[in-house]
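Given next are the chains, with one letter for each unit.
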Amino acid sequence: MDEFVQLVRKCAEQGEALGRMMASAGTVEPMYLYFRPSEPGKPGALFLVRDSAPVSPGLQLATGEGLRCNVPYDNYFQWVYDRSKRLPVLAF
């Protein structure tokens, strides 16, 4: 499978789980797309982080546009895919 699609899928699944957790707790806040750039021979990573959560060192904000939580998985996948196409996350 395509390396980029795998990165997007993993992020979308993580975001969907986070959205479900927030919804079950009655928390409604947007999530933002962050990425860790790739390094030689090592792919980067994509993460959805809720607005109130601390951001791990080394992560960069991909877009200031937030994703609302608790949407169908396909919405997470497409949203992440569309916003991460040009990010430096593929191994080189």
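Scroll up to find the structure this text is about.
The present account deals with the structure reproduced in this document. What you see is a predicted model, and the numbers here were worked out from it, not measured in a lab. (Residues numbered from 1 in each chain as written. Predicted model: local features only at pLDDT ≥ 70, side-chain atom pairs only at ≥ 80, totals over all residues. Heavy atoms only, no water.)

Now for helix H2 (residues 73–84). The terminal C-alpha atoms of H2, which comprises 12 residues, lie 17 Å apart, in line with the 16 Å expected from a rise of 1.5 Å per residue. When we look at burial in H2, the residues that qualify are Tyr 76, Phe 77, Trp 79, Val 80 and Ser 84. Buried residues along H2 sit in contact with helix H1 (3–24), strand E1 (31–36) and strand E2 (45–50). (Helix = DSSP H or I, 4+ residues; strand = E, 2+ residues; numbered from the N terminus. Expected span 1.5 Å × (residues − 1). Buried < 20%, exposed > 50% of the residue type's maximum accessible area, 1.4 Å probe, protein only. Contact = heavy atoms within 4.5 Å.)

Turning our attention to the nonpolar core. Among the nonpolar cores identified, the biggest contains 21 residues, and Met 31, Leu 33, Leu 46, Leu 48, Tyr 76, Val 80 and Val 89 are the most heavily contacted of them. Of all the secondary-structure elements, those providing two or more residues to this core are H1, E1, E2 and H2. Per-element accounting of this core gives the leading share, seven residues, to H1. In contact with Val 89, other than residues within four places in its own chain, are Phe 4, Leu 7, Phe 35, Arg 36, Ser 38, Pro 43, Gly 44, Ala 45 and Leu 46. (Core = buried A, V, L, I, M, F, W, Y, C linked by side-chain atoms within 4.5 Å.)

Glancing now at the sheet that holds strand E3 (residues 60–61). One open sheet holds the three strands; their spatial order is E2-E1-E3, and the pairing between them is antiparallel. Two strands lie at the open edges of the sheet, namely E2 and E3, each paired on one side alone. Sheet analysis places E1 next to E3, joined by two bridges and oriented antiparallel. Its bridge partner lying in E3, Tyr 34 is registered against Leu 61. Contacts between H1 and the sheet are confined to E1 and E2, with E2 contributing the most and set at about 15 degrees to the helix. Across the sheet, H2 lies against E1 and E2, angled at about 50 degrees from E1, the strand it touches most. (Pairing = 2+ DSSP bridges. Axes fitted to C-alpha atoms, helices over the stretch in contact; angles between N-to-C directions.)

Looking at where Thr 63 falls in the secondary structure, it is placed in the loop between E3 and H2. Residue classification places Thr 63 among the buried residues on the basis of a relative accessible area of 18%. Here Glu 65 takes part through its backbone nitrogen, which lies 3.2 Å from a polar atom of the side chain of Thr 63. Thr 63 has contacts with Tyr 32, Leu 33, Trp 79 and Arg 83, leaving out every residue within four places of it along the chain. (Polar contact = N/O pair within 3.5 Å; in protein donor to acceptor, adjacent residues only side chain to side chain.)

On inspection of all chains with the given rule, the structure shows two salt bridges. A salt bridge links Arg 20 to Glu 16; its shortest N-O distance comes to 3.7 Å. Residue Arg 20 and its partner Glu 16 are both found in helix H1; the two are separated by four residues, about one turn of the helix. Overall, Arg 20 belongs to the partly exposed group, its relative accessible area being 48%. The shortest N-O distance in the salt bridge between Glu 65 and Arg 83 comes to 3.0 Å. Here the residue Glu 65 occupies a position in the loop between E3 and H2, and Arg 83 occupies one in helix H2, the gap between them amounting to 18 residues. With relative accessibility at 26%, the residue Arg 83 sits in the partly exposed group. (Salt bridge = Lys/Arg side-chain N within 4 Å of Asp/Glu carboxyl O.)

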